[in-house]
Amino acid sequence: MESQKKIAHEIGGMKNDALRFGLHGVKSDILGSHPLETAYESGKQSQEEMKRRVITHTYGAALPLKMDLDRQILSRFQRPPGPIPSSMLGLEVYTGALDNFGFEDYLNDPRESETLKPVDFHHGMEVRLGLSKGPASPSFM
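Quick notes on the rules
- Position numbers for residues count from 1 along each chain, tracking the sequence in the order it is written.
- Reporting in this predicted model follows two pLDDT cut-offs: at least 70 for local features of residues, and 80 or more for side-chain atom pairs to be given and counted; totals over whole chains, interfaces and linings ignore these cut-offs and use all residues.
- Heavy atoms from the whole structure form the basis of all side-chain values; hydrogens and water molecules are not counted.
- Within this analysis, patches are made of residues with over 30% relative accessible area and no salt bridge. Like charges are joined at 9 Å or less; nonpolar side chains (Val, Leu, Ile, Met, Phe, Trp, Tyr) at 5 Å or less.
- Accessible surface area values rest on a Shrake-Rupley calculation with a 1.4 Å probe, where residue burial reflects the displayed protein chains alone.
- A pair is scored as a salt bridge if a Lys or Arg side-chain nitrogen falls within 4 Å of a carboxyl oxygen belonging to Asp or Glu.
- Helix and strand labels come from DSSP, where a helix needs a run of H or I of at least four residues and a strand needs a run of E of at least two; each type is numbered from the N terminus.
- Buried residues are those whose accessible area, probed at 1.4 Å on protein chains only, stays under 20% of the maximum for their type, while exposed residues exceed 50% and partly exposed ones sit between those limits.
- Interaxial angle, 0 to 180 degrees, is taken between N-to-C directions of lines fitted to C-alpha atoms, where a helix line uses only the stretch in contact.
- Relative orientations are named as follows: roughly parallel for angles under 35 degrees, roughly antiparallel for angles over 145 degrees, roughly perpendicular for angles from 65 to 115 degrees, and oblique for any other angle.
- We call two residues contacting when some pair of their heavy atoms lies within 4.5 Å.
- Any residue outside Ala, Val, Leu, Ile, Met, Phe, Trp, Tyr, Cys, Pro, Asp, Glu, Lys and Arg is labelled polar, Gly included; the first ten of those are nonpolar and the last four are charged.

- The protein chain is annotated in an unreviewed UniProt entry as Proteasome maturation factor UMP1 from Arabidopsis thaliana x Arabidopsis arenosa.

In structure tokens:
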């Protein structure tokens, strides 16, 4: 009886509720990412693999496994949804991403925009716990 009360928002594996998820764009399905972006991501991935191999040969096989566990623990730690977003500072420090100078450092963080809708705490927690579907917060008005 529980399954009859639930309204399915996904038909054929695709989210079709335009009011909750926004309009579906076909362009992103047809075009891939920019070639420089794919080259940057593959270069970053190969650099991480090389770093892992060097650590394995230098310190043994246990240290990379411990580093993976630490990364998993730090990636799970987040602040509840609300007016203050989770910065994931521990993970940024651990991975060295804190030293990177991204666009949000000089252009502005999109979350600080005047057109950003406030986050509904209850809906965000329902999405995080799997009780509700959809984005945790509406992005822009």
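1. A look at a nonpolar patch on the surface
Okay, step 1: There is a patch of nonpolar side chains on the surface, built from Phe101, Phe103, Tyr106 and Leu107 and spanning about 520 Å² of accessible area.
Okay, step 2: The residue Leu107 is located in the loop between α7 (103-106) and α8 (121-129) in this model.
Okay, step 3: The exposed category is assigned to Leu107, whose relative accessible area is 58%.

2. Observations regarding the packing of helix α4 (residues 35-59) against helix α5 (residues 62-76)
Okay, step 1: The contact between α4 and α5 brings their axes to 7 Å, and the two run at 130°. The angle between α4 and α5 falls in the class oblique. Contacts from Arg52, Ile55, Thr56 and Tyr59 in α4 reach Leu63, Pro64, Leu65, Met67 and Asp68 in α5.
Okay, step 2: Grouping the constituent residues of the contact of α4 with α5 by class yields six nonpolar, one polar and two charged.

3. Quick look at the pattern of salt bridges
Okay, step 1: Scanning all chains against the criterion turns up three salt bridges.
Okay, step 2: A salt bridge links Arg52 to Asp68, with the nearest nitrogen and oxygen atoms 2.8 Å apart. Remark: Asp68 occurs in helix α5 and Arg52 occurs in helix α4; sequence separation between them is 16 residues.
Okay, step 3: Among the residues examined, Arg52 registers a relative accessible area of 34% and is labelled partly exposed.
Okay, step 4: Take Asp68: its relative accessible area is 29%, and that puts it in the partly exposed class.

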